[in-house]
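Observations on chain architecture
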Amino acid sequence: MRHLLSTRGLALDEAVHVLDVAEEMAETQLREVRKLPTLRGKTVVNLFFEDSTRTRISFEAAAKRLSADVITFSAKGSSVSKGESLKDTAQTLQAIGADAIVIRHQASGAPQVLATSGWIDAAVLNAGDGTHEHPTQALLDAFTLRRRLHGADSRGRDLDGVTVLIVGDILHSRVARSNLWLLSLLGARVVLVAPATLIPHGAHGWPCEIRHDLDEALAEFRPDAVMMLRIQAERMRDAYFPSEREYARQWGLDSARLSALGSASIVMHPGPMNRGLEISAAAADSPQSTVLEQVANGVSVRMAVLYLLLSGERAAGGAGERAQGEKEAER
Ligand code: NCD
């Protein structure tokens, strides 16, 4: 793996390996001193052209805990707002000596352009591009699911036999797309649930089932997890549903649906949440909710990805042991 642009096209052993290395990283985060020397001397640039809270601070924390130097760059307040192109921005980062560029961009495909342009030598990590993909979010979601469902000893395991409902604004969601590819690769059964207007045209060819009625889908599939998606009003130029009230009534995870789901099933949301719209406060704050766990796991998963891309450890196999070796050396 030289870049991480998408989850589509990942190999199964590659994906499981990232999750296993993330387990090693999570263990290091329980220690009193959480910092590892692994990426000392490397420079990671966070290049954010779109707003972000969780993803940006999570990548920053991950890089810092691996002792990399971190430069966080947001397009607002930079020369991008003076019209500087992606190429000139990238070449500036190359001149500074960036080893990895974490990019979030409103255009689907921007990270791909950066990775294949020849402008830079750095590893490119997609932190969300338009409505296309958000691979580290899917990896942290899969990690969260695997830990919750398989317990402490989830290493080496996939998600065979697990059923996940992804509910809401699929049309605008890069999180839904990255999760669909990754979860189905890991053997999970994926069901998309949304009003017909929020299902993308191509979705009928995807490895998933599609339903439009949330109550029926909950009864039919008895899912292990429901992943609620934010209504991305900022990407909507048309009316996709009659009103927010109507949406919440039909597709929101309210208290009645939370109890229909049962206490063994988990409630996920990538954040930021619209409380009272796609998810009720009761569901978001329930013991089944993994919202904050997802955020915490995001740091371990991003540490794993940065480590795999930057430590020279490319091949699948061996990275976990090396992380272990480093931990020992550090003790
Ligand atoms: C998501 C994103 O930006 O794609 N958020 C995130 O990264 N945690 C989802 C969203 O904005 O709704």
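Now for a look at the structure at hand. Source: prediction; values computed, not measured.

Before going further, it helps to spend a moment on the pattern of salt bridges. By the definition in use, this model includes 16 salt bridges. Asp-20 is paired through a salt bridge with Arg-146; the nearest N and O atoms lie 2.9 Å apart. Linking Asp-20 in helix 1 (residues 12–28) with Arg-146 in helix 5 (residues 135–150), this pair joins segments that are 126 residues apart in sequence. On the basis of relative accessibility, which here comes to 18%, the residue Asp-20 falls in the buried class. Arg-249 is paired through a salt bridge with Glu-246; the nearest N and O atoms lie 3.4 Å apart. Pair noted here: Arg-249 and Glu-246 are both in helix 8 (residues 244–251), with a separation of 3 residues, about one helical turn. Residue class for Arg-249 comes out exposed when judged on its relative accessible area of 53%.

Applying the stated criterion to the full structure yields 3 aromatic pairs. Where Phe-241 meets Tyr-247, the ring centres are 4.9 Å apart and the plane angle is 45 degrees; that geometry is what we call tilted. The residues Phe-241 and Tyr-247 share a single accessibility class, namely buried. Taking 5.6 Å as the distance between ring centres and 35 degrees as the angle between the ring planes, the aromatic pair formed by Tyr-247 and Trp-251 counts as tilted. Of this pair, Tyr-247 and Trp-251 both sit in helix 8, 4 residues apart, which is roughly one turn of the helix. Just as Tyr-247 is buried, Trp-251 falls in that class too. Linked through ring pairs, Phe-241, Tyr-247 and Trp-251 together constitute an aromatic cluster.

With that settled, the discussion passes to the site of the ligand. Near the ligand, the surroundings consist of Thr-55, Arg-104, His-134, Gln-137, Arg-174, Val-175, Arg-230, Gln-232, Pro-270, Gly-271 and Pro-272. A distance of 2.9 Å is found between an oxygen atom of the ligand and a side-chain nitrogen or oxygen belonging to Thr-55. In this structure, an oxygen atom belonging to the ligand sits 2.7 Å away from a side-chain N or O atom of Arg-174. When the ligand sits alone it has 320 Å² of accessible area, and the protein chains cover 94% of it.

How each quantity is defined
- Residues numbered from 1 in each chain as written.
- Predicted model: local features only at pLDDT ≥ 70, side-chain atom pairs only at ≥ 80, totals over all residues.
- Heavy atoms only, no water.
- Salt bridge = Lys/Arg side-chain N within 4 Å of Asp/Glu carboxyl O.
- Helix = DSSP H or I, 4+ residues; strand = E, 2+ residues; numbered from the N terminus.
- Buried < 20%, exposed > 50% of the residue type's maximum accessible area, 1.4 Å probe, protein only.
- Phe/Tyr/Trp six-rings, centres within 6.5 Å; stacked < 30°, edge-to-face > 60°.
- Near = heavy atom within 4 Å.
- Polar contact = N/O pair within 3.5 Å; in protein donor to acceptor, adjacent residues only side chain to side chain.
- Areas by Shrake-Rupley, 256 points an atom, 1.4 Å probe, with all protein chains shown as cover.

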